[in-house]
Amino acid sequence: MIKLPKIVAFIIFLMMTLLLANSFSNFDWNIFKGENDPESIFKELREPLMFLLLTIFFLNYYVETLKEKKKPE
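Since this is a predicted model, take the numbers as computed values, not measurements.

### A short note on helix α2 (residues 38–70)
Line of reasoning, step 1. Here α2 contains 33 residues, and its C-alpha end-to-end distance of 46 Å stays within 8% of the 48 Å for a straight helix at 1.5 Å per residue.
Line of reasoning, step 2. Looking at α2, one finds that the buried residues are P48, F51, T55, F58, Y61, Y62 and T65.
Line of reasoning, step 3. As for α2, its buried residues are in contact with α1 (6–25).

Structure follows, in structure tokens:
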């Protein structure tokens with residue numbers, strides 16, 4: 001597995017968080033008001049869900065990197 005340095009992991013985590021915020025701000029919330037099929041709702045939710053999962057993944061990776069650096073040897 002690739003080991004990213006702590007600063008690179010933090011920058012990727014920060015980028016994913018900003019992209020998540022941007023995708024939620026561009027989200028069309030009116031899709032839930034009308035009678036839309038589940039496929040169109042899924043297509044609208046795809047991008048924010050992807051960035052949410054990536055943000056959680058890179059947050060976990062960054063925290064594990066911090067814990068690894070903090071361990072007494």
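### Quick look at α1
Line of reasoning, step 1. Its 20 residues place the ends of α1 29 Å apart at the C-alpha level, agreeing with the 28 Å of an ideal helix rising 1.5 Å per residue.
Line of reasoning, step 2. The complete set of buried residues in α1 reads A9, F13, M16, L20 and S23. Across the axial projection of α1, the buried residues extend over an arc of 90°, all falling on one side. Across from the buried face of α1, at angles greater than 90 degrees, the exposed residues are I7, L18 and S25.
Line of reasoning, step 3. Buried residues along α1 sit in contact with α2.

How each quantity is defined
- Residues numbered from 1 in each chain as written.
- Predicted model: local features only at pLDDT ≥ 70, side-chain atom pairs only at ≥ 80, totals over all residues.
- Heavy atoms only, no water.
- Helix = DSSP H or I, 4+ residues; strand = E, 2+ residues; numbered from the N terminus.
- Expected span 1.5 Å × (residues − 1).
- Buried < 20%, exposed > 50% of the residue type's maximum accessible area, 1.4 Å probe, protein only.
- Contact = heavy atoms within 4.5 Å.
- Arc of directions from axis to C-beta.

On their own, these measurements won't tell you what the molecule is for.
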